[in-house]
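Chains, contacts and geometry: an overview
The lines below spell out each chain.
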Amino acid sequence: MVSGFAKKNVCKVKEVILINPIYDSFRWLACGNSPQPLSNRELSFTLADDVYIRYLSICDQKEFQNLLQKKCPHKLDIGAVYNNKPSISRHDAVVLARELVFDIDLTDYDEVRTCCQEAKVCDKCWKFMVVACEIIHKSLKDDFGFQNILWVFSGRRGIHCWVSDYEARTLDSPGRAAVADYLCLIIGGDNQNKKVHLGSDNLHSSIRRAVSIIDKYFDDIIQDQEFLGTSSRLQKFLKMIPEDALREQVEKSLEKMSESSLERWKTFISIYDSYLRENGNAIRKIKYLVEEIKIQFCYPRLDVNVTKGFNHLLKSPFSIHPKTGKVSIVFKPNNARNMKLDEIPTIHTLLDDSSPDNVQHQNNMRNAVKNFQEVVFSLEKAEAIRKRNYANTTLDF
Ligand SMILES: [Zn+2]
């Protein structure tokens, strides 16, 4: 929350604390804890020089604020809610609740993105995050009925999603694994060329919906990434075609034409369509080949272990990334496509009045706080309704 930059400029950092939503963070944590006491939630701090402290907990907002100001953590992680106050010595501690979380990191896209690799990101590869956010958000709302969903920029090269509905928080491990598996369509390691297999039955509505979301961005992404733009990328693409005769036709045509990936893709589609018309018996094998390839290029690549793990600690919203200085801002999923990486506030620009980005970053910070507050209000409302319904049910008996 408050970075180690604090030591350099205490007064300025106090200003940043004021625009940091400590009160809203506290309310969000408190709601996410209910019905357990807040003191049963594990927090962890990473201090200067990578000193890592686990099993922290707080009882109230004052204590939260004091702890942040006293320790000046570089990073605050939020863990699970236990049956007791978290402590290193309690081996009998049982996890009772935890938001359902998703972690999507652009490094997991290194096999498809061509603009950047590893820790590097740019606005071109950010589009993968836009697609991931839209697909997962829609699925969480429409397929699972979740309402209280928070989206956070992870600080460098990815996004986090926190689902705080009571049903999500109290989901057991097999339930979490089932949600993660439901959202996982890309399967296989580095040696597997084709990682998506949709069969030949009618497509599940969630897959059709995901493909229609990908379609909105696909032409843009294929031009940015040039998936088919070099001979080695083309060879990789051809290996995704399981039908030998079709693959040979596609290879012959694509090798002869311009290197524009979009043009090559359009040619592939027309060859595929006419091949299917002429070879009805191939339909079982390649009925959804186009969808499978689009999914392999653009569908969300989740770190499923984060979702499945019941007690995984995840970086708090509004943390500051130690390397980039960027704030883990909260964003609205329908606005992800308008986010520019340069416009994400950093601790440096927020503290430096003379920075040319200061005014814009202050504004973006305020918007991020507003987005956070909207989610907190909606969660508090849902919690109040849940508690009232629970009280009424108890009275009925
Ligand atoms: Zn990039």
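Residues numbered from 1 in each chain as written. Predicted model: local features only at pLDDT ≥ 70, side-chain atom pairs only at ≥ 80, totals over all residues. Heavy atoms only, no water.

**Comments concerning the coordination of the zinc ion**
- Coordination of the zinc ion by the protein is provided by Cys115 (SG), Cys116 (SG), Cys122 (SG) and Cys125 (SG), with metal-donor distances spanning 2.3 Å.
- Coordination geometry of the zinc ion: the four donor atoms subtend angles of 102 to 119° at the metal centre, consistent with an arrangement described as tetrahedral.
- On the accessibility criterion, Cys115 (25% relative accessible area) is partly exposed. (Donors = N, O, S within 2.8 Å, 3.2 Å for Na, K, Ca; no water. Tetrahedral: all angles 85-135°; square planar, octahedral: opposite > 155°, others 65-115°. Buried < 20%, exposed > 50% of the residue type's maximum accessible area, 1.4 Å probe, protein only.)

**Quick notes on unusual backbone geometry**
- Residue Pro35 follows Ser34 across a cis peptide bond; omega there is 10°.
- Within the fold, Pro35 resides in the loop between helix H2 (22-33) and strand E1 (41-46).
- Within the chain, Glu118 stands out as a residue other than glycine whose phi angle is a positive 50°.
- By the element assignment, Glu118 lies in the loop between strand E5 (100-105) and helix H4 (123-142).
- Look at Glu226: it is not a glycine, yet its phi comes out positive at around 50°.
- Position of Glu226 relative to the elements: it lies in the loop between helix H7 (205-225) and helix H8 (231-238).
- Since its relative accessible area comes to 27%, Glu226 is described here as partly exposed. (Helix = DSSP H or I, 4+ residues; strand = E, 2+ residues; numbered from the N terminus.)

**As for the side chain of Ser328**
- For Ser328, the location among the structural elements is in the loop between strand E8 (314-315) and strand E9 (330-331).
- A residue is classified by how much of its surface remains accessible, and Ser328, at 0% relative accessible area, is buried.
- If sequence neighbours within four positions are ignored, Ser328 has contacts with Val152, Phe153, Ser154, Gly155, Lys315, Ser316, Pro317, Phe318 and Ser319. (Contact = heavy atoms within 4.5 Å.)

**Considering the domain arrangement of the protein chain**
- Along its sequence, the protein chain is carved into domain 1 (4-181 + 301-396) and domain 2 (189-298).
- Facing the 19 residues of domain 1 at the interface are 18 residues of domain 2.
- With both sides pooled, the region where domain 1 packs onto domain 2 buries about 1700 Å², and carbon together with sulfur makes up 51% of that total.
- Inspection of the region where domain 1 meets domain 2 yields five salt bridges.
- The residue Glu111 makes a salt bridge to Lys195 at a minimum N-O spacing of 2.5 Å.
- Applying the counting criterion to the domain 1 and domain 2 interface returns 10 residue pairs in polar contact (both at pLDDT 80 or more).
- The residue inventory of the side of domain 1 that touches domain 2, partitioned by class, reads seven nonpolar, two polar and 10 charged. (Domains from an automatic or database assignment. Buried area = accessible area lost by both parts, 1.4 Å probe. Salt bridge = Lys/Arg side-chain N within 4 Å of Asp/Glu carboxyl O. Polar contact = N/O pair within 3.5 Å; in protein donor to acceptor, adjacent residues only side chain to side chain. Nonpolar A, V, L, I, M, F, W, Y, C, P; charged D, E, K, R; others polar.)

**Comments concerning the pairing of E1**
- When you tally the buried positions in E1, you get six out of six residues, the bulk of the element.
- Residues of E1 alternate between two faces, with Arg41, Leu43 and Phe45 on one and Glu42, Ser44 and Thr46 on the opposite face, all of them buried.
- Across five bridges, E1 lies against strand E3 (residues 75-82) in antiparallel orientation. Following the sheet pairing, Phe45 is matched in E3 by Leu76.
- Hairpin connection from E1 to strand E2 (residues 52-56): five residues lie between these consecutive antiparallel strands, with Asp49 at a positive phi of about 60°. (Pairing = 2+ DSSP bridges.)

**Notes on the sheet that holds strand E6 (residues 149-153)**
- Strand order in the open sheet made by the four strands is E5-E7-E6-E9, with antiparallel pairing throughout. Every other strand in the sheet has two partners, leaving E5 and E9 as the edge strands with one partner each.
- By the bridge criterion, two bridges tie E6 to E9 in an arrangement that is antiparallel. Bridge pairing in E9 links Val152 to Val330.

**Some remarks on H4**
- Taking 1.5 Å of rise per residue, the 20 residues of H4 would be expected to cover 28 Å, and the 28 Å separating its terminal C-alpha atoms lies within 8% of that figure.
- Among the 20 residues of H4, 14 are classified as buried, and the element is accordingly described as predominantly covered. (Expected span 1.5 Å × (residues − 1).)

**A short note on the nonpolar core**
- Membership of the largest hydrophobic core comes to 114 residues, with the highest contact counts inside it found for Phe237, Phe268, Ile295 and Phe297.
- Ranked by residues supplied to this core, first place goes to H4 with 11 residues.
- When residues of this core are sorted by domain, at least three fall in each of domain 1 (4-181 + 301-396) and domain 2 (189-298).
- Every residue in contact with Phe237, bar those within four places of it in the chain, is listed here: Leu228, Val250, Leu254, Trp265, Phe268, Ile293 and Phe297. (Core = buried A, V, L, I, M, F, W, Y, C linked by side-chain atoms within 4.5 Å.)

**So, the pairing of E6**
- Where burial is concerned, most of E6 is hidden: five out of the five residues are buried.
- Side chains Ile149, Trp151 and Phe153 project from E6 onto one buried face, and the interleaved Leu150 and Val152 project onto a second face that is buried too.
- Joining the antiparallel neighbours E6 and strand E7 (residues 158-163) is a turn of four residues, in which Gly155 adopts a positive phi near 115°.

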